[in-house]
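Descriptive analysis of the structure
What follows is each chain in one-letter form.
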Amino acid sequence: MDFKRLRYALAVADEGNFVRAAERISISQPALSRAVQALEEELGFLLFDRGNRNVAVTVAGAAFFNHARRMLFDVRNMEHDLALLRNGDSGHVAFGVGPLHSGALLPRVLRQVRAGQPGIRLSVTINTSSYLLDHLRAEEMEFFMSDVRLIEPAEDLIITHECRQYGGIYCRPGHPLLRRSDLAPTDLLPYGMAAPTMPEVLMVQMNRLFRLPPGRNLPIMLSCDSVHTLVDVVAESDLLLISSHAALAEAAELGRLEQVPVPLPPLWADIATIRLRGRTLSPGAQRVLQTVRAILSQLAGTEMPRQ
């Protein structure tokens, strides 16, 4: 069976249209039609019901494509593994990290990888867990890091819990809240919050911690995935910053931020690494992942809940 024809037919199934599929895989529409027809003749049944413009996958076609997708995934894995055996170099590593953890992890990881493996070319994506998961499954990255609560277990994933990170609420030195000794969580609300992009499940958790009534959310006035930007803004305003202790350690040491002494239960996130089951990591990705795990182990050992 011609794997190229399989890929062509899958493109048509995904697009539901021969013209769009031809544009996607960069061949002419007549050539694509001939390839699909040849595959159907080889199989002995139709893959598509053809309309004036669009096509629909037949019942037999749906069953065939389920097998074809797994087959092509295995073929790509074989090609990937053979390439690793042929060249054995570190090459290019693409990985991702969720916004809540990027500030604490990325600077440490990137510094160590650049110092220890300067030949590795890195591509890092900071985005939501759903975005990272889609791009992992599209084989556009080798692994990513996220709060384990945001990832639904699935047969095609290896989800490895790495550590628990703690966080808190920070403000600028001289903030009015620091002059009070009897703070309650509700006293923080009028000042507004700044934070990395916060998924809905974590927003619900924060609302509960602040005992907000149904229908009222924590007042996140600034959402930004750049920790440096968040620190700069909060250090010059009365906004409060929600983040991990590790991400703000440098700003706290430099006296730019102080933790607000408010009686809240510990804020935490369980960090996991997620990769595709059955997919061998490249040598470079294995080295980067080792570095990630060493840093997470350090953070887990030093980041304790602050009261």
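Structure's up top.
Residues numbered from 1 in each chain as written. Predicted model: local features only at pLDDT ≥ 70, side-chain atom pairs only at ≥ 80, totals over all residues. Heavy atoms only, no water.

Focus: empty space enclosed by the protein
Per the counting criterion, the structure on display carries 2 cavities of 30 Å³ or more. Considered as a void within the structure, the second largest cavity measures approximately 90 Å³ in volume. As for the second largest cavity, its lining consists of G98, P99, L100, H101, N127, T128, S129, S146, D147, L150, T197 and P199. Listed by contribution, the elements that provide at least two residues to the lining of the second largest cavity are helix 5 (99–116) and strand 5 (143–147). (1 Å grid on protein atoms, 1.4 Å probe; cavity = no way out; pocket = protein on both sides within 12 Å on 5 of 7 lines; lining within 4 Å. Points joined across faces, edges and corners; volume = space filled by probe spheres on them. Helix = DSSP H or I, 4+ residues; strand = E, 2+ residues; numbered from the N terminus.)

Observations concerning the packing of aromatic side chains
Summed over the entire model, instances satisfying the criterion amount to 4 aromatic pairs. Seen in terms of ring centroids, F48 and F65 are 5.7 Å apart; in terms of plane orientation they differ by 40 degrees. Their pairing is tilted. Here F48 is found in strand 1 (residues 48–50), whereas its partner F65 is found in helix 4 (residues 59–87), with 17 residues between them in sequence. Residue F48 is classed as buried on the basis of its relative accessible area of 1%. For F65, a relative accessible area of 4% corresponds to the buried category. Here the aromatic cluster, defined as three or more aromatic residues joined through ring pairs, consists of F18, F48, F64 and F65. Taking the ring centre of W268 as reference, the NZ or CZ of R149 above it sits at 4.3 Å. Looking at R164, its charged tip hangs above the ring of W268, at a distance of 3.8 Å from the centre. (Phe/Tyr/Trp six-rings, centres within 6.5 Å; stacked < 30°, edge-to-face > 60°. Buried < 20%, exposed > 50% of the residue type's maximum accessible area, 1.4 Å probe, protein only. Lys NZ or Arg CZ within 6 Å of the ring centre and 35° of its normal.)

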